[in-house]
Amino acid sequence: MSFRDLALPLIQKGLYVHPISFDGRKIPLLKDWPNMAMCDAKQVELWNGGYPDANVGVVARGVCILDDDTGDLAAKIKAD
């Protein structure tokens, strides 16, 4: 799955996303990631161009965040 595939279902739920490393270390790929996280499909497309293999980080803004280490959370959210 690409960054876009992972991020779009989350922003459709109103969550603010940003690209992070996909190697298990969860390192943000944007310098000012807490302020740069977006809930915007156009921005997700731009980030996907630069970081297509990135994982998705979410900045909590009044919501609870779940960490999807098993890889099936996106499918469960889509099924909701």
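Residues numbered from 1 in each chain as written. Predicted model: local features only at pLDDT ≥ 70, side-chain atom pairs only at ≥ 80, totals over all residues. Heavy atoms only, no water.

(A) Main features of the side chain of S2. Locating S2 in the fold gives a position in the segment before α1 (3–12). In contact with S2, other than residues within four places in its own chain, are N48 and P52. (Helix = DSSP H or I, 4+ residues; strand = E, 2+ residues; numbered from the N terminus. Contact = heavy atoms within 4.5 Å.)

(B) Representation of the nonpolar core in the model. One finds F3, A7, L10, V17, V44, W47 and V56 to be the most contacted residues of the largest nonpolar core, which totals 13 residues. Within the residue set of this core, elements represented by two or more residues are α1 and α3 (41–50). For this core, the element with the most residues is α1, which contributes 5 residues. Beyond its immediate stretch of four places on either side in the chain, F3 contacts V17, H18, P19, V44, W47, N48, Y51, P52, A54, N55 and V56. (Core = buried A, V, L, I, M, F, W, Y, C linked by side-chain atoms within 4.5 Å. Buried < 20%, exposed > 50% of the residue type's maximum accessible area, 1.4 Å probe, protein only.)

(C) Structural detail: the pattern of salt bridges. For the structure on display, the rule yields 3 salt bridges. Note that E45 is salt-bridged to R4, the shortest N-O span being 2.8 Å. One end of the pair, E45, is in helix α3; the other, R4, is in helix α1, with 41 residues separating them in the sequence. A relative accessible area of 37% places E45 in the partly exposed class. Look at R4 and you get partly exposed, because its relative accessible area is 27%. (Salt bridge = Lys/Arg side-chain N within 4 Å of Asp/Glu carboxyl O.)

These figures capture arrangement, not role.
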